[in-house]
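Results of the structural survey
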Amino acid sequence: MQDELIVEATDGNWEKIVEKEPLPVVVMFYLTTCPHCKAIEPYFREYAEEFRRSCKFVRIDAEQSPWTAERYGVEGTPTFVFLCGGTFLQGLAGVSHPSVLKSNIEDFIEHGSTCASNITKLKYDISLYE
């Protein structure tokens, strides 16, 4: 699903759509068969409308994009991930009430860029051989 409010991401376009986005990004990892995802989706859409000037809203099918889901430690859906300047700030799994999601989005918009600027990124050397 793609519209003006929510962009559909995949493993292939994740970097362009999410990591290089100047606005803070709220991502919903979902499954098409997940009843909880379907229940929270209208609220996610509502918040995308309400906060569209403050952050970007993205959805990604965890089953169709397993690399990205694994990268962010998604073990179930719905899972929401908050990123600022391409930096992961927080994850929220199994949201049971829309007000919890909204509160986290509001806090993210207010403090996300400050939090991102206070992170020192690790340099990973994943090579096991010299």
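Structural notes, computed from the coordinates. (Residues numbered from 1 in each chain as written. Predicted model: local features only at pLDDT ≥ 70, side-chain atom pairs only at ≥ 80, totals over all residues. Heavy atoms only, no water.)

Scanning the protein from N- to C-terminus turns up four helices and five strands. Reading the secondary structure of the protein in the N-to-C direction produces β-α-β-α-β-α-β-β-α. Burial analysis of the protein (130 residues in total) assigns 42% to the buried set. Pairs at least 24 residues apart make up 71% of the contacts formed inside the protein by residues separated by at least 6 positions. (Helix = DSSP H or I, 4+ residues; strand = E, 2+ residues; numbered from the N terminus. Buried < 20%, exposed > 50% of the residue type's maximum accessible area, 1.4 Å probe, protein only. Contact = heavy atoms within 4.5 Å.)

Applying the stated criterion to the full structure yields seven aromatic pairs. An angle of 65° between the planes, with centres 5.1 Å apart, marks the rings of Phe82 and Phe108 as edge-to-face. One end of the pair, Phe82, is in strand β4 (residues 79-84); the other, Phe108, is in helix α4 (residues 98-117), and 26 residues separate them in sequence. Of the residues examined, Phe108 reaches a relative accessible area of 4% and is grouped as buried. An aromatic cluster is built from Trp14, Phe29, Tyr72 and Phe88, whose rings are joined through pairwise contacts. Positioned above the aromatic ring of Tyr30, the side-chain terminus of Arg59 is 3.9 Å from the ring centre. (Phe/Tyr/Trp six-rings, centres within 6.5 Å; stacked < 30°, edge-to-face > 60°. Lys NZ or Arg CZ within 6 Å of the ring centre and 35° of its normal.)

Looking now at the side chain of Glu8. Within the secondary structure layout, Glu8 lies in strand β1 (residues 6-9). By relative accessible area, which is 15% here, Glu8 ends up buried. Among the polar contacts listed, one links the side chain of Glu8 to the side chain of Tyr30, at a separation of 2.5 Å. Of note is the side chain of Glu8, whose polar atom sits 3.2 Å from the side chain of Arg59. (Polar contact = N/O pair within 3.5 Å; in protein donor to acceptor, adjacent residues only side chain to side chain.)

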